[in-house]
Amino acid sequence: RLNIAGKAIPWQDTIKILGVNFDQRLTFNDHVDEIVHRAEVSLTKLAKVTRRRFGLNTEVALTAYKTLVRSIMQYGCPAWIGTSSGNLTQLERVQNRALRQALRAPPDTPIVELQAATRVPSLTSFLTRLTGNFVERAIANDTAVGGFIRQHLSIDQRLYGRVYVPPLSKVK
């Protein structure tokens, strides 16, 4: 047990820091479950204005998806991008549903066709690119986060194994 100023601090399995749920094993299962739920709620509301007969055109529907739904799923992704492929698949399903809605496509439309028609990459690719950009900027701007990344890359490169990180020799 942890005591601070004589008060016992209860043990918790997860802790939320800046909107990201961290668990003991850094699986981010609870975090992904929460953001999938929040994204689906937003997507359901968006579906009401993208109906077949009168709704938003495809371009506006995609912009609304990126603004209202994808923003929920991308928040804090540099912290949790290393989650399981199963968690990433849950998030991909939300995006696929959004693309079908925007295009008013039938449920059996192949995902690659949805992505090609909308020019929206898979969510995993998008999040990986976003995280890579974050890592590059953090290292290049010599931030505290960049120093931490530089210090720990050699110890555990699996943390950012799916992310492009420039060679440290090219970093100022």
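As the structure is a prediction and not an experimental result, all values here were calculated from the model.

1. What to know about the packing of aromatic side chains
Okay, step 1: Enumeration over the complete set of coordinates arrives at 1 aromatic pair.
Okay, step 2: Aromatic pair phenylalanine 22 and phenylalanine 28: ring centres 5.4 Å apart, planes at 65°, arrangement edge-to-face.
Okay, step 3: In this structure, arginine 70 packs its charged tip against the face of phenylalanine 126, placed 3.8 Å from the ring centre.

2. Focus on helix α5 (residues 111–118)
Okay, step 1: Of the positions making up α5, those classed as buried are Leu114, Gln115 and Thr118. In a view along the axis of α5, the buried residues occupy a sector of 95°, so they form one face of it. In α5, the exposed positions that point more than 90 degrees away from the buried face belong to Val112, Ala116 and Ala117.
Okay, step 2: On its buried side, α5 packs onto α2 (58–74) and α4 (85–103).
Okay, step 3: One or two steps after α5, the chain reaches arginine 119, where phi turns positive at roughly 55°.

3. A few points about the packing of α2 against α4
Helices that pack against each other are described as a pair by the angle of their axes relative to one another and the distance between those axes.
Okay, step 1: At a minimum axis separation of 9 Å, α2 and α4 run at an interaxial angle of 160°. When the interaxial angle is binned, α2 and α4 end up roughly antiparallel. For the element pair α2 and α4, the recorded crossing hand is right-handed. Between α2, through Thr58, Ala61, Leu62, Tyr65, Val69, Arg70 and Met73, and α4, the contact on the second element is made entirely by Leu91, Val94, Gln95, Ala98, Leu99, Ala102 and Leu103.
Okay, step 2: Here the contact of α2 with α4 is built from residues that sort into 11 nonpolar, 2 polar and 1 charged.

4. Points about the confidence of the model for the chain
Okay, step 1: Across the chain, the average pLDDT comes to 85, with 85% of residues at 70 or higher.
Okay, step 2: Highest mean pLDDT in the chain belongs to α5 (96); lowest belongs to helix α7 (residues 144–153) (75).
Okay, step 3: Across residues 158–172, where pLDDT falls below 50, the model places 26 contacts with residues more than four positions away in sequence or in other chains.

Each value, and the rule that gives it
- Sequence order as written defines the numbering, with residues in each chain counted from 1.
- This being a predicted model, a pLDDT of at least 70 is required before a residue's local features are given, and a value of 80 or more before pairs of side-chain atoms are given or counted; all residues contribute to the totals for chains, interfaces and linings.
- With hydrogens and water excluded, all non-hydrogen atoms of the structure serve as input to the side-chain values.
- Only Phe, Tyr and Trp rings are paired, with Trp represented by its six-membered ring, and only when their centres lie within 6.5 Å; those with planes under 30 degrees apart are stacked, over 60 edge-to-face, the remainder tilted.
- Each ring is checked for a lysine NZ or an arginine CZ that lies within 6 Å of its centre and within 35 degrees of its normal; such an atom marks a charge sitting over the ring.
- Any residue under 20% of the maximum accessible area for its type is buried, any over 50% is exposed, and the rest in between are partly exposed; the area is computed with a 1.4 Å probe on protein chains only.
- By definition, any uninterrupted DSSP run of H or I lasting at least four residues is a helix, any uninterrupted run of E lasting at least two residues is a strand, and each is numbered from the N terminus.
- As used here, the arc is the angular range of directions from the helix axis to the C-beta atoms.
- Note on definitions: a residue-residue contact is assigned when non-hydrogen atoms from the two residues lie within 4.5 Å.
- As a rule, the C-alpha atoms of each element are fitted with a line to give its axis, helices using only the stretch in contact, and angles between N-to-C directions run from 0 to 180 degrees.
- To sort the angles, those under 35 degrees are grouped as roughly parallel, those over 145 as roughly antiparallel, those from 65 to 115 as roughly perpendicular, and the leftovers as oblique.
- Throughout, a crossing is termed right-handed when the near helix is turned clockwise from the far one, and left-handed when it is turned anticlockwise from it by less than a right angle.
- As a working rule, the residues Ala, Val, Leu, Ile, Met, Phe, Trp, Tyr, Cys and Pro are called nonpolar, Asp, Glu, Lys and Arg charged, and the rest polar, with Gly in that last group.
- Scored between 0 and 100, pLDDT is the confidence that the predictor attaches to each residue.

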